[in-house]
Amino acid sequence: MRKVAIVMGSDSDLPVCEKAAEQLAKLNVPYTMHVLSAHRTPLQAAEFAQNARKEGYGVIIAAAGLAAHLAGAMAAGTVLPVIGIPVAGGALNGLDALLSTVQMPTGIPVATVAINGAANAGILAAEILAVHDDELTARLAALRERQAQAVLEKNAKLQQK
Ligand code: RP5
C-alpha cells in the first residue's frame, strides 16, 4: 500500500496533526510525519513534494497555520492528491490559514478540511487510497458502522431518561 505523508509547517502543529495520524493508525495505513515549512525551508519543502511519488507516497496531508502556504506548495510540486489542514492560532485563530489553504488557483487543487480538521484529513487520505484496496474499504466501512452504532446508543440512552 502507498504511504501517507503528514507534513506540518512547525512542530507547534503536531498536536493537531496527531489526530490525522491516529485515524491512519486505526485504519492500518502506513504514514510518516515531517516538519517542513513553505516559508522557512522552501527548498526542502519543494524537494519533498517532487520526490513524494517515487518515495512511495500516495497522498500528502499538509498542515499549517497563519499565512498557510504549505499545502499549496506541496500541490505545486506533485500530482499526488494533497489534503490541506488549516491550523488554528494567531490573531485570526485559523481563518487566515483556512483562506490561504482553500483558495487555490485553478489547476493546483488542495482538498481542504475544516480548521484543525485533522481527523477528517486522515480519514479522507485513507478513502483515497481505498479506491483500489478492498480491505481498506472494508476497514473504512467498519469505522462508519461503529460511528453509527455509537450515535444510536447515545440516542437510546437519551430516550431512557
Ligand atoms: C506556520 O506558522 C506553522 O504551520 C504554524 O502553524 C505557525 C506558527 O509556527 P511557529 O512559530 O510555532 O513555529 O508556518
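You'll find the structure just up there.
Notes on the structure follow. Position numbers for residues count from 1 along each chain, tracking the sequence in the order it is written. In keeping with the model being predicted, local features are shown solely for residues with a pLDDT of at least 70 and side-chain atom pairs are shown and tallied solely at 80 or more, while totals for entire chains, interfaces and linings include all residues. Only hydrogens and water are removed before side-chain values are computed, so all heavy atoms of the structure are retained for them.

**Focus: the sheet that holds strand β2 (residues 31-35)**
Line of reasoning, step 1. Note on pairing: DSSP must find at least two bridges between two strands before they are called paired. Each helix corresponds to a stretch of at least 4 residues labelled H or I by DSSP, and each strand to a stretch of at least 2 residues labelled E; elements are numbered beginning at the N terminus. Strand order in this open sheet of 5 strands is β2-β1-β3-β4-β5, and the pairing throughout is parallel. Because the sheet does not close on itself, it has two edges, and the strands there are β2 and β5 (111-112).
Line of reasoning, step 2. Two residues form a contact once any of their heavy atoms are found within 4.5 Å. Axis lines are fitted to C-alpha atoms, over the contacting stretch for helices. Their N-to-C directions set the angle, which ranges from 0 to 180 degrees. In the packing of helix α4 (residues 95-102) onto the sheet, the strands contacted are β3 (57-65), β4 (82-87) and β5, and the crossing angle to β4 comes to about 160°.

**Considering the packing of aromatic side chains**
Line of reasoning, step 1. Under the pairing criterion, centres of Phe, Tyr and Trp rings, with the six-membered ring standing for Trp, must be within 6.5 Å; the plane angle then separates stacked pairs below 30 degrees from edge-to-face pairs above 60, leaving the rest tilted. Evaluation of the coordinates by the stated rule reveals 1 aromatic pair.
Line of reasoning, step 2. For the pair phenylalanine 48 and tyrosine 57, a centre-to-centre distance of 5.6 Å together with 45° between the ring planes defines the contact as tilted.
Line of reasoning, step 3. Comment: the charge-over-ring label is applied if NZ (Lys) or CZ (Arg) is within 6 Å of the ring centre and within 35 degrees of the ring normal. The ring of tyrosine 57 carries the charged tip of lysine 3 above its face, separated from the ring centre by 4.3 Å.

**Describing the nonpolar core**
Line of reasoning, step 1. In terms of nonpolar packing, the biggest core is built from 27 residues, with Val4, Ile6, Leu24, Val29, Ile61, Ile85 and Leu136 touching the most fellow members.
Line of reasoning, step 2. Secondary structure elements with two or more residues in this core: β1 (3-8), α1 (14-26), β3, β4, α5 (118-130) and α6 (134-160).
Line of reasoning, step 3. Ranked by residues supplied to this core, first place goes to α5 with 7 residues.
Line of reasoning, step 4. What leucine 136 contacts, discounting residues up to four positions off in sequence, is Met1, Leu27, Val29, Ala126, Leu129 and Ala130. Residues belong to a common nonpolar core when they are buried Ala, Val, Leu, Ile, Met, Phe, Trp, Tyr or Cys residues joined through side-chain atoms within 4.5 Å. The rule is simple: take the accessible area with a 1.4 Å probe, protein chains only, and divide by the maximum for that residue type; under 20% is buried, over 50% is exposed, in between is partly exposed.

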